[in-house]
Amino acid sequence: MKSVQKYTSIVLITDSYPFRCETEGAFVAPELAFLSNAFKRVVIVPVNPKVSSSDIASDLPENVEVARWWINHPDCNNAVRRMRYLLSPYAWRMLRGDYSRLSCTFVMACMAFAAALPQWMRKSSLDWGSTLFYTFWFDMGACALGMLSDKYPVRFISRAHGYDILSVRSMRLRRKAMMHLMQLYTASESGNNTFRERYPEESSKIATRLLGCVKQTCGVMASRHVKSDKKLTFLSVAQLSARKRIGMTFDFLHALAVARPDTLIEWIYVGDGVDMPLLKEKVVSQQRENMCVRFMGSMDNSAVQRLYVDYPIDWTILLSRYEGGHPIAACESLAYGVPVVATQVGGLSEMIDDDCGLLLSANPTEEEFVRGIIPYLDSEYRTERLRRGAYEKWRNSYDASVLRASFVDEISKL
């Protein structure tokens, strides 16, 4: 018997999207068209107050609306005002065993959000019975909905990414959210295993659903350099953080430049962070004639994909210390037929293999990288095989138009 859709409305709780969406937009945007088709009403609720004055994405489907009720709410914008929730015995029950500042502020924010949401529901003519709540992150929104489940017939699901796995603020409140949600969707099998170990009694609710990416320039593969060009271009797309090990990326490519003095090694880095001056200083201090570094700063998803169209890209390189999902940057590389150098951690170890890239150990050395990549640099056949394999991996496993359509169809019938 065919399942019938139970919901007419869906409330999608994000961090910042559709405001300031350079990063989160690549996660959320590919799903909107499918949500728009599956539900009569789609309401996006961003929860990060820092985006209240930012520009909104201009390409939202017609029946998708953005609710600013929380980012404009006094409780969202005034931490002192939220402190009244610490007078509640409920807050202290949720904090039992963990009275850290991070957990206290998190519980207060969740309680304030939960207290304000029912009033917004009434004003917005949203009915509990016909509305599905969907939190893109297993964070404040999910925990607030877990609280509300004690009083209201809340139906909600959540995705979980690397950030959600690493975050341990108020584990009692997170456990409560796990008890009440309908389904938790992790972005990798590694993440799935972590959540099953953390919440074994709720393991039947945990499933893996990959995000993939939308290829914006269909039918186009990235060009590459041939051996006679004596040039190689590597691309990195990641925020400048300790977890992404961007400094190590430079060290590895510098080591390759030393090993191949007759080859120009070009590194295009897309990303930013507070330590950018230190990285630039390091690059200048170790400058070589056969190495060129291009700092592109932060770029939105469309601009990143244009790089694959406008420039010869030989490899992408992601040396993450940890990845809770299958990184969209790696998915986009595969989509344009560009092999990936990656570390054997989390979701990266699930997606990169000998057919589409070079998988290094979790804590690789410069020698391991240079020894591993040189055989590909010396063989046009191996290079072409990897590039074909990269595209096939995306087409078969990471095409978001397929993954997201299937996901939305699934959640609409829960």
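Sequence order as written defines residue numbering, which begins from 1 separately in each chain. Per-residue local features of the predicted model are confined to residues with pLDDT of at least 70, and side-chain atom pairs are confined, for both listing and counting, to 80 or more; whole-chain, interface and lining totals are unaffected and use all residues. By convention in this description, side-chain values take in all heavy atoms of the structure and omit both hydrogens and water.

**So, the side chain of Ser412**
Moving on, step 1. Inspection of the secondary structure assignment puts Ser412 in the segment after α17 (400-411).
Moving on, step 2. Think of it in three bands: residues with accessible area under 20% of the maximum for their type are buried, residues over 50% are exposed, and the middle band is partly exposed, with areas taken using a 1.4 Å probe on protein chains only. Judged by relative accessible area, Ser412 falls into the buried class, the value being 4%.
Moving on, step 3. Polar contacts, as counted here, are pairs of nitrogen or oxygen atoms within 3.5 Å of one another; within protein the pair requires one atom able to donate a hydrogen and one able to accept it, and residues that are adjacent in sequence qualify only if both atoms are side-chain atoms. From its side chain, Ser412 meets the backbone oxygen of Asp409 in a polar contact 2.9 Å long. A helix here means a DSSP run of H or I that spans at least four residues, while a strand means a run of E at least two residues long, and both kinds are numbered starting from the N terminus.

**Details of helix α6 (residues 140-148)**
Moving on, step 1. Burial analysis of α6 places nine of its nine residues in the buried class, which makes it a mostly covered element.
Moving on, step 2. Taken together, the buried positions of α6 are occupied by Met140, Gly141, Ala142, Cys143, Ala144, Leu145, Gly146, Met147 and Leu148.
Moving on, step 3. On its buried face, α6 is in contact with β1 (9-14), α4 (89-95), α5 (101-123), β4 (131-135), β5 (156-160) and α8 (171-180). Whether two residues touch is decided by their heavy atoms; if any such pair falls within 4.5 Å, the residues are in contact.

**Focus: the pairing of β4**
Moving on, step 1. Here β4 lies mainly inside the structure; five of its five residues are buried.
Moving on, step 2. The alternating pattern of β4 places Thr131, Phe133 and Thr135 and Leu132 and Tyr134 on opposite faces, both of which are buried.
Moving on, step 3. At least two DSSP bridges between two strands are needed for those strands to be called paired. Sheet topology places β1 next to β4; five bridges connect them, and they run parallel. Bridging from a neighbouring strand, Val11 pairs with Phe133 of β4.
Moving on, step 4. In this sheet, β5 lies alongside β4 in parallel orientation, the contact comprising three bridges. Note that in β5 the partner of Thr135 across the bridge is Ser158.
Moving on, step 5. Between the parallel elements β4 and β5, the chain passes through α6 in a crossover that is right-handed. When the strands point away from the viewer and the path from the first strand over the helix to the second turns clockwise, the crossover is right-handed.

**Some thoughts on the pattern of salt bridges**
Moving on, step 1. Salt bridges are counted wherever a side-chain nitrogen of Lys or Arg sits within 4 Å of a carboxyl oxygen of Asp or Glu. Under the counting rule described, the total for this entry stands at 25 salt bridges.
Moving on, step 2. One salt bridge in this structure joins Arg385 and Asp355, with 3.8 Å as the shortest N-O distance. On the criterion of sequence distance, the pair formed by Arg385 in helix α16 (residues 380-398) and Asp355 in the loop between α14 (346-351) and β13 (357-360) is long-range, its members being 30 residues apart.
Moving on, step 3. When its relative accessible area of 27% is taken as the criterion, Arg385 is described as partly exposed.
Moving on, step 4. By sharing partners, the salt bridges in this structure join Glu31, Arg159 and Arg404 into a single network.

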